[in-house]
Amino acid sequence: MAQPGRNEPCPCGSGRKYKACCLDKEEAARRASGSASRPPLTGHQSELFGELADFAHREFGAFTKKGLELFPRLDDFKNESGVPFPFDERQEGEWLIRMSYGILFDYPVSENGEAIAARFLRRRSASLRDSERAWLQQMLQAPVTPYEILEVQRDVGLRARNLWSGEEMFINERLATRDVSVWDVLAGRVIRDGARLVLEGGA
């Protein structure tokens, strides 16, 4: 799909010019998709996430824009003095991708509550690899869940407790080990990658 010109109508259907609507968000997402620090998707999964995002923008532009407005922006987070934390461009891009998980896998776009990823899976299932289909199915079945951090093994993973069920588990999540401490709470989907448990879309 060709990118519209800056002064053309935004394809999301808002009626505003592209430069005044979705351009900044899409550029942030593109920058983050090239970052080594993006949410942990590997190989074809990263490619699949891009295809899913393109499908969402093409088929549900207005829904995705409305969905993004439901999620907090990084400048909503302020210190005790009411001053926004100084997030850089990379962090803004990462945050946008993490919020996109909620839009793609949770935000309903039909009267029966179907999510964008479910529609994508239904339409594209026959052309997907088994591993891609399995990843999408797991993501759709795994609810966003709060996990209390019990132990941090830097650059390896986290021992965590599911705050809904009380179950303890070890999650293979390298990047988060640099940002969290014991007793912190993460929210995300835990899915299976072979014999390992991994965190997807956590915040």
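Refer to the structure above for everything that follows.
Once a new chain begins, its residue numbering starts again from 1 and follows that chain's sequence as written. Totals for whole chains, interfaces and linings use all residues, but because this is a predicted model, local features are given only for residues with pLDDT of at least 70 and pairs of side-chain atoms are given and counted only at 80 or more. Hydrogens and water molecules were not included; the side-chain quantities draw on all heavy atoms of the structure.

> Can you help me understand the environment of Leu 52 in this one?
Tracing the backbone shows Leu 52 in helix H2 (residues 44-70). Think of it in three bands: residues with accessible area under 20% of the maximum for their type are buried, residues over 50% are exposed, and the middle band is partly exposed, with areas taken using a 1.4 Å probe on protein chains only. For Leu 52, a relative accessible area of 0% puts it in the buried group. Separated by 68 residues in the primary sequence, Leu 52 and Phe 120 place their C-alpha atoms 7.0 Å from one another. Contacts between residues were defined by any pair of non-hydrogen atoms, one from each residue, lying within 4.5 Å. For Leu 52, the residues in contact, after removing those within four places along its chain, are Leu 104, Phe 105, Ile 116, Ala 117, Phe 120 and Leu 136. Runs of E in the DSSP output that reach at least two residues are strands. Runs of H or I that reach at least four are helices, and both are numbered from the N terminus.

> What exactly am I supposed to notice about the sheet that holds strand S3 (residues 168-171) here?
Adjacent strands of a sheet form backbone hydrogen bonds with each other and so pair up, either parallel or antiparallel. Strand pairing is assigned whenever DSSP identifies at least 2 bridges connecting the two strands. Strand order in the open sheet made by the five strands is S3-S2-S1-S4-S5, with antiparallel pairing throughout. The open sheet has two edge strands, S3 and strand S5 (196-200), and neither has a second partner. Pairwise comparison of adjacent strand axes, ignoring direction, gives a mean angle of 50° for this sheet. Where strand S2 (residues 157-162) and S3 come together, four bridges link them in antiparallel fashion. Bridge pairing links Arg 161 to Glu 168 in S3. Packed onto the sheet, helix H5 (residues 130-141) meets strand S4 (185-193) and S5 and runs at close to 145° relative to S4. Angular values range over 0 to 180 degrees, each being the angle between N-to-C directions of two axes fitted as lines to C-alpha atoms, with helices fitted over their stretch in contact.

> What's the story with the side chain of Arg 119 in this structure? I'm lost.
Considering the arrangement of structural elements, one finds Arg 119 in helix H4 (residues 116-124). Under the rule applied, a polar contact is a pair of N or O atoms within 3.5 Å (in protein, one hydrogen donor and one hydrogen acceptor; residues adjacent in sequence only if both atoms are side-chain atoms). Polar contacts involving the side chain of Arg 119 include one to the side chain of Glu 114, which spans 2.6 Å. Look past the residues within four positions of Arg 119 in its chain and what remains in contact with it is Phe 55, Phe 60, Ser 110 and Glu 114.

> In this structure, what is going on with unusual backbone geometry? I would like to understand it.
Note: most peptide bonds trans; most residues except glycine with negative phi. At Asp 155, a position not held by glycine, the phi torsion is positive, near 65°. Following the sequence through the fold, Asp 155 ends up in the loop between strand S1 (145-153) and S2. For Asp 155, a relative accessible area of 35% puts it in the partly exposed group. If you check the backbone angles, Trp 183 has positive phi at about 85° while not being a glycine. Taking relative accessible area as the criterion, Trp 183 reaches 61% and is therefore assigned exposed.

> Is there a simple way to explain the pairing of S2 in this structure?
A regular strand places its side chains so that they alternate between the two faces of the sheet. Where S1 meets S2, six bridges bridge the pair, whose relative direction is antiparallel. Paired with Glu 148 across the strands is Arg 161, a residue of S2. What sits between the antiparallel neighbours S1 and S2 is a turn of three residues, in which Asp 155 has the positive phi angle 65°. Here S2 hands over to S3 after five residues, with Gly 166 in that stretch at a positive phi of 85°.

> Any chance you could explain the packing of aromatic side chains here in plain terms?
Geometrically, a pair of aromatic rings is defined through the distance of the ring centres and the angle of the planes. Here a Phe, Tyr or Trp ring, Trp counted by its six-membered ring, pairs with any other such ring whose centre lies within 6.5 Å, and the pair is stacked when the planes are under 30 degrees apart, edge-to-face when over 60, and tilted otherwise. Enumeration over the complete set of coordinates arrives at five aromatic pairs. Here Phe 55 and Phe 60 contribute two aromatic rings whose centre-to-centre distance is 6.1 Å and whose plane-to-plane angle is 70°, an arrangement assigned as edge-to-face. A relative accessible area of 4% means that Phe 55 is categorised as buried. Exposure remark for Phe 60: the relative accessible area of 7% places this residue in the buried category. Both rings, one in Phe 55 and one in Phe 120, keep their centres 5.4 Å apart while their planes meet at 65°; by these two values the pair is edge-to-face. Placement of the pair is Phe 55 in helix H2 and Phe 120 in helix H4, with a sequence separation of 65 residues.

> Is there a simple way to explain the environment of Thr 145 in this structure?
Note that Thr 145 resides in strand S1. We classify Thr 145 as buried; its relative accessible area is 3%. Remark: the alpha-carbon pair of Thr 145 and Val 185, spanning 40 residues in sequence, is separated by 10.0 Å. Once residues lying within four places of it in the same chain are set aside, the contact partners of Thr 145 are Asn 162, Trp 164, Leu 186, Ala 187 and Gly 188. Within the structure, Thr 145 has its side chain in polar contact with the backbone oxygen of Pro 143 (distance 2.9 Å).

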